[in-house]
Amino acid sequence: MFASYLIGLREGLEATLVVSILVAFLVKSDRRDRLPLVWAGVAAAIALSVGFGALLTFTAANLDSRQHELFDAIASLAATVFVTFMIFWMRTAARRMSGDLRAKLSEALNLGATAVVVMAFLAVAREGLETALLFFAAAQGATTSASPLIGICLGLATSVVLGWGLYASALRINLTKFFTWTGLLLILVAAGIFKYGVHDLIEAGVVQVLAGPAFDLTGALPPDAWYTTLLSGMFNFTPEPSILETIAWVAYLVPVLTLFLMPARKGPGPKPAPSATTASASS
């Protein structure tokens, strides 16, 4: 549930900030008549994201055992790529997100109603599609209960509340720190997703090297223990991983975590970070 909650919170808040910036720009520009167009684009993006998630689930449910393992592996590896790109993209894009969105919306307003809908749709659809893919990948093998679905719904609900609070200037959150800490946790989640993708490749018979167990911690971490379930649900941890899974986990985690913790290089003359205050949503 925690991994799903984190994905819903992180991705949901990004999408909520995008919507808040667009709405605030129209309100401050006295263009409230265009608000329904923005909401139409947002609604279409949400529908696409839900449909994409349903398609992934339906496809996986209608494959044979080997195909299912291979499909899960591809989804997990793709999710790892997307979440890694998203984490590092936010480090540089957060500073200019508000200005870029306002500029694009200004251009769309000049082009007409359809352009406004499309612009809002594209701005939110990327986050929605990422959320669906990450949720599908994170939930694989973690549990057969409804916990992942509950977790992501709670995360999305929390992000909407936070986004509304920022827009209404009722909350002041240092979003730079928020995205840094959630980025660190998501790197751990992504390492687990990547490891699980390698596990599925082994199960599908695509990869057959180093498939023996690297170590066995089942004595210290019984499969039916709550803490083992917690580690499995959060980071796809298994007490008896294969050698290749362990190598994959380390090979992803160490370089990505090192790069993430390195100070970000600042471009020439950056604008003040909108993420430090509520200005990111309402300026």
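Keep in mind it's a predicted model, so treat the numbers as computed, not measured. (Residues numbered from 1 in each chain as written. Predicted model: local features only at pLDDT ≥ 70, side-chain atom pairs only at ≥ 80, totals over all residues. Heavy atoms only, no water.)

A. Spatial organisation of the pattern of salt bridges. Inspection of the entire model under this criterion finds four salt bridges. A salt bridge links aspartate 33 to arginine 31, with the shortest nitrogen-to-oxygen separation between them at 3.9 Å. For glutamate 245, the salt bridge is made with lysine 195, and the minimal N-O distance between the two is 3.4 Å. You can see glutamate 245 sitting in helix 9 (residues 243–261) and its partner lysine 195 sitting in helix 7 (residues 175–203), a full 50 residues away along the chain. By relative accessible area, which is 6% here, glutamate 245 ends up buried. If you follow the salt bridges from partner to partner, you end up with Arg31, Asp33 and Arg34 in one network. (Salt bridge = Lys/Arg side-chain N within 4 Å of Asp/Glu carboxyl O. Helix = DSSP H or I, 4+ residues; strand = E, 2+ residues; numbered from the N terminus. Buried < 20%, exposed > 50% of the residue type's maximum accessible area, 1.4 Å probe, protein only.)

B. Seen up close, helix 2 (residues 35–61). End to end, helix 2 covers 39 Å across 27 residues, agreeing with the expected 39 Å (1.5 Å per residue, within 8%). All of the buried residues along helix 2 are Leu35, Leu37, Val38, Gly41, Val42, Ala45, Ser49, Gly53, Leu56 and Ala60. (Expected span 1.5 Å × (residues − 1).)

C. View of the nonpolar core. In this structure, Val83, Ile87, Leu186, Ile187 and Tyr252 are the most contacted members of the largest nonpolar core, which totals 24 residues. Elements represented by at least two residues in this core include exactly helix 1 (2–28), helix 2, helix 3 (65–93), helix 5 (113–139), helix 7 and helix 9. In terms of residue count, helix 7 provides more of this core than any other element does, seven residues in total. Membership of the second largest hydrophobic core comes to 23 residues, among which are Val42, Ala108, Val116 and Ala125. (Core = buried A, V, L, I, M, F, W, Y, C linked by side-chain atoms within 4.5 Å.)

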